[in-house]
Amino acid sequence: MTESTAYAVVGGGAIGGTVAYHLAKGGHDVLLIDADPAHVAAVRQHGLVLRGTAGDQSARVRAATPEEVPEELDGPLHGVLLCVKAQATAGAAAWIAPRLAADGYVVSVQNGLNEQLIAEHVGRERVVGAFVNVFADVVEPGVIRDGGPGAFVIGELGGESSPRVDRLAADLAGLGAKATANVSGYLWSKLGFGAMLSATALADAPMADLIDRHRPLMYALVAEVFAVAARLGHRLEPFDAFEPAAYLPGTPPSGREAATDRLTAWLRTQPKDRSGIWRDIAVRRRPVEVHEHYRAVFAHARAGGIATPLLRGMLDRLAGVESGRAPMSEDHLSELEAAL
Ligand SMILES: NC(=O)C1=CN([C@@H]2O[C@H](COP(=O)(O)OP(=O)(O)OC[C@H]3O[C@@H](n4cnc5c(N)ncnc54)[C@H](OP(=O)(O)O)[C@@H]3O)[C@@H](O)[C@H]2O)C=CC1
Ligand SMILES: CC(C)(CO)C(=O)C(=O)O
């Protein structure tokens, strides 16, 4: 174990709770800051509980709502892991900025490309990137269902190595964290994979089954995202069972099919069989974050003259489903596919 470090986790839900649990188990002082008072109260009373296939494990962490923090803080924040959904990023970053030490930093542990927005609040030199493919859900206040190992990668936005990234990766060794020189390559790979996952939230069935039943649509969605990534010159990184090279133009169809066989087989090993996007619509009945994830993708596509009609059509349909204007149905996928 490395020397103990103090961290703040802002947004202590599925991912923030998982991160806080592993930091605490590693012997680090963790302050979990979460907007949900019931979650904070449960963590204070029972500890942070991770529910895995082998049962429940708990870790003691300090917990507070943002409103309570001035009483709890005895100095500025140093290492902050920001784990809120994308649409809550601006509010959380504005809250963090005046509390962040001059030599402190904020790590975006989120899907999408949130680093620029965070930098507008705290300055680019105080932002660190991260990519996470851990599958988790808050199943009741204070209790997180843990999907087991998944990629967790941390890196400076400019790709340089740094003591703060190495230290955080070591402190999160319990979660299998690694340092990278290409965090953008991971985030863009995830935007491709995430386009498939977002599409599966249009229907109420397991992600793996929907990907399998609508492979041509899934390939076309990923291709639109990766055309934008290619224009920007990103080197896409593979993670877990997702192999981005299989979805690039020029890959033989047999290679793409075999990679998708491996991907859906791996997805079937996960206890979480539906995405967080599906859960926000069907269970939590709240707006989904994916519109934020693809805002920058659309802007880059427009600038480069790259057409993204399927991605746009898929997100428009998600907007209809989340607002209740359209039912959740696999017909959305069939109709999008019919337009290919
Ligand atoms: N869950 C997963 O398996 C994965 C998630 N991700 C990404 O990780 C990020 C976090 O997702 P996830 O953990 O699932 O989300 P959750 O909704 O489970 O957790 C987010 C938590 O942040 C709280 N929150 C919102 N605004 C603030 C704020 N300003 N200050 C403090 N707390 C706040 C929320 O409270 P409230 O509910 O009251 O709004 C909620 O408890 C997302 O970008 C997601 O895409 C990436 C890979 C996998
Ligand atoms: C499906 C998953 C877990 C993949 O990382 C995800 O990103 C989410 O639920 O938001």
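Residues numbered from 1 in each chain as written. Chains lettered and ligands numbered in written order. Predicted model: local features only at pLDDT ≥ 70, side-chain atom pairs only at ≥ 80, totals over all residues. Heavy atoms only, no water.

Short version of the rule: UniProt positions are given in the numbering used here, feature names are shortened, and annotations may be inferred rather than shown by experiment.
Under an unreviewed UniProt entry, the chain has the name 2-dehydropantoate 2-reductase and belongs to Nonomuraea rosea. Under Function (unreviewed entry), UniProt gives the following word-for-word description of the chain: "Catalyzes the NADPH-dependent reduction of ketopantoate into pantoic acid." The record held by UniProt for the chain lists under Catalytic activity (unreviewed entry) the comment "(R)-pantoate + NADP(+) = 2-dehydropantoate + NADPH + H(+)".

### A few points about the overall build of the chain
This is how the line gets drawn: The secondary structure listing takes helices from DSSP runs of H or I that are at least 4 residues long and strands from runs of E that are at least 2 residues long, numbered from the N terminus. As a reference, a globule follows 2.2 Å times the number of residues to the power 0.38, and the radius of gyration itself is taken over C-alpha atoms. Only protein chains enter the accessibility calculation, which uses a 1.4 Å probe. A residue is then buried if its area is under 20% of the maximum for its type, exposed if over 50%, and partly exposed in between. It only takes one pair of heavy atoms within 4.5 Å for two residues to be counted as in contact. To measure how exposed things are, a 1.4 Å probe is used in the Shrake-Rupley method; for residues, cover is taken only from the protein chains shown. The charge count treats Lys and Arg as positive and Asp and Glu as negative. His and the chain ends do not count. Charge coordinates come from a single atom per side chain, which is NZ of Lys, CZ of Arg, CG of Asp or CD of Glu.
Within the chain, the secondary structure is distributed over 14 helices and twelve strands. Relative to a compact globule of 340 residues, whose C-alpha radius of gyration would be 20 Å, the chain shows 20 Å and is just as compact. If one aligns the C-alpha atoms of the chain with their principal axes, the spans along those axes are about 60 × 40 × 35 Å. Residues classed as buried in the chain amount to 55% of the 340 residues present. Here the contacts in the chain between residues at least 6 apart in sequence split such that 69% fall between residues at least 24 apart. Surface accessibility of the chain: about 13,900 Å² in total, with carbon and sulfur atoms responsible for 53%. Seen as two clouds, the 32 positive and the 40 negative side-chain charges of the chain have centres 2 Å apart.

### Observations regarding the site of ligand 2
Note the threshold: The nearness test applies per residue and asks whether one of its heavy atoms lies within 4 Å of the molecule or strand. Think of a polar contact as two N or O atoms within 3.5 Å of one another; within protein, one of them needs to be a possible hydrogen donor and the other a possible acceptor, and neighboring residues in sequence only count if both atoms come from side chains. Only Asp, Glu, Lys and Arg are considered charged, only Ala, Val, Leu, Ile, Met, Phe, Trp, Tyr, Cys and Pro nonpolar, and every remaining residue, Gly among them, polar. Residue ranges for the domains trace back to a domain assignment, done automatically or taken from a database.
As a structural note, the neighbourhood of ligand 2 is formed by Asn-111, Asn-133, Val-134, Phe-135, Lys-190, Leu-197, Met-207, Lys-272, Ser-275 and Gly-276. Between ligand 2 and Lys-272 there is a distance of 3.0 Å, counted from an oxygen atom to a side-chain nitrogen or oxygen. The fraction of the free accessible surface of ligand 2 (280 Å²) that becomes covered by protein chains is 91%. Among the residues forming the shell around ligand 2, the class breakdown is four nonpolar, four polar and two charged. Split by domain, the residues of the shell around ligand 2 number at least three in each of domain 1 (6-181) and domain 2 (185-338).

### Quick look at the site of ligand 1
In the vicinity of ligand 1 lie 28 residues, with Ile-15, Asp-34, Asn-111, Ala-136 and Glu-289 positioned nearest. Here an oxygen atom of ligand 1 sits 2.8 Å away from a polar atom, N or O, in the side chain of Asp-34. Interatomic distance of 3.2 Å between a side-chain N/O atom of Lys-272 and an oxygen atom of ligand 1. Here ligand 1 loses 86% of its free accessible area of 890 Å² to cover by the protein chains. Tallied by class, residues from the shell around ligand 1 come to 16 nonpolar, four polar and eight charged. Residue contributions to the shell around ligand 1 reach at least three from each of two domains, namely domain 1 (6-181) and domain 2 (185-338).

### Comments concerning the sheet that holds strand β3 (residues 48-52)
To keep things clear, this is the line we draw: When DSSP finds two or more bridges between two strands, those strands count as paired. For helices, the fitted line uses only the C-alpha atoms of the stretch in contact; every axis is such a line through C-alpha atoms, and the angle between N-to-C directions lies from 0 to 180 degrees.
Taken together, the four strands give an open sheet; going across it, the order is β4-β3-β10-β9, and neighbouring strands pair in mixed fashion. Each having just a single partner strand, β4 (55-59) and β9 (136-140) make up the two edges of the open sheet. Sheet twist, expressed as the mean angle between neighbouring strand axes with direction ignored, is 30°. Of the pairings in the sheet, the one linking β3 to strand β10 (residues 143-146) comprises three bridges and is parallel in character. Paired with Val-49 across the two strands is Val-143, which belongs to β10.

### Concerning the sheet that holds strand β1 (residues 6-10)
Reading across from one edge, β5-β2-β1-β6-β7-β8-β11-β12 is the order of the eight strands in this open sheet, with mixed pairing throughout. Looking at the sheet topology across the chains shown, the edges are occupied by β5 (62-64) and β12 (178-179). Inspection of the sheet shows β1 paired to strand β2 (residues 29-33) by five bridges, in the parallel sense. Each bridged residue has a counterpart across the sheet, and for Ala-8 the counterpart in β2 is Leu-31.

### Some words on the environment of Gly-26
Inspection of the secondary structure puts Gly-26 in the loop between α1 (14-25) and β2. Spatially, the C-alpha atoms of Gly-26 and Asp-240 are 24 Å apart, while their sequence positions differ by 214 residues.

### As for the domain arrangement of the chain
One frequently used descriptor of interface size is the decrease in accessible area upon assembly of the parts. We count it as follows: Summed over both partners, the accessible surface that disappears when two parts come together, traced with a 1.4 Å probe, is what is meant by buried area. Salt bridge criterion: a side-chain nitrogen from Lys or Arg within 4 Å of a carboxyl oxygen from Asp or Glu.
Per the domain assignment, the segments making up the chain are domain 1 (6-181) and domain 2 (185-338). The gap between the C-alpha centroids of domain 1 and domain 2 is 25 Å. Both faces considered, domain 1 and domain 2 share a buried interface measuring about 2,200 Å² in area, 59% of it formed by carbon and sulfur atoms. Taken as a group, Leu-113, Phe-131 and Phe-135 account for 30% of the area that domain 1 buries against domain 2, more than any other trio of residues on that side. At the junction of domain 1 with domain 2, the criterion picks out three salt bridges. Linking Asp-137 and Arg-279 is a salt bridge whose minimum nitrogen-to-oxygen distance equals 3.6 Å.

### Considering the side chain of Arg-126
Checked against the element boundaries, Arg-126 lands in the loop between α5 (115-122) and β8 (127-132). Although Arg-126 is buried, it makes no salt bridge; Glu-125 carries the closest opposite charge, 4.5 Å away. With near-sequence residues (within four places) excluded, Arg-126 lies in contact with Ala-97, Leu-100, Ala-101, Ala-102, Gly-104, Tyr-105, Val-106 and Arg-164.

### What about the nonpolar core?
Put simply, the rule is: Residue types Ala, Val, Leu, Ile, Met, Phe, Trp, Tyr and Cys, when buried and joined through side-chain atoms within 4.5 Å, form a set referred to as a nonpolar core.
Core analysis: the biggest nonpolar cluster contains 57 residues, and Tyr-247, Leu-267, Tyr-294, Leu-311, Met-314 and Leu-318 have the highest contact counts within it. Put simply, the parts of the chain that give this core at least two residues each are α7 (183-200), α8 (207-213), α9 (215-232), α10 (253-267), α11 (276-282), α12 (290-304), α13 (309-323) and α14 (331-338). For this core, the two domains that each supply at least three residues are domain 1 (6-181) and domain 2 (185-338). When residues no more than four places from it in sequence are discounted, the contact partners of Leu-311 are Ala-195, Leu-221, Glu-224, Val-225, Tyr-294, Val-297 and Phe-298. Formed by 37 residues, the second largest nonpolar core is a distinct cluster that contains Ile-15, Leu-32, Ala-63 and Val-134.

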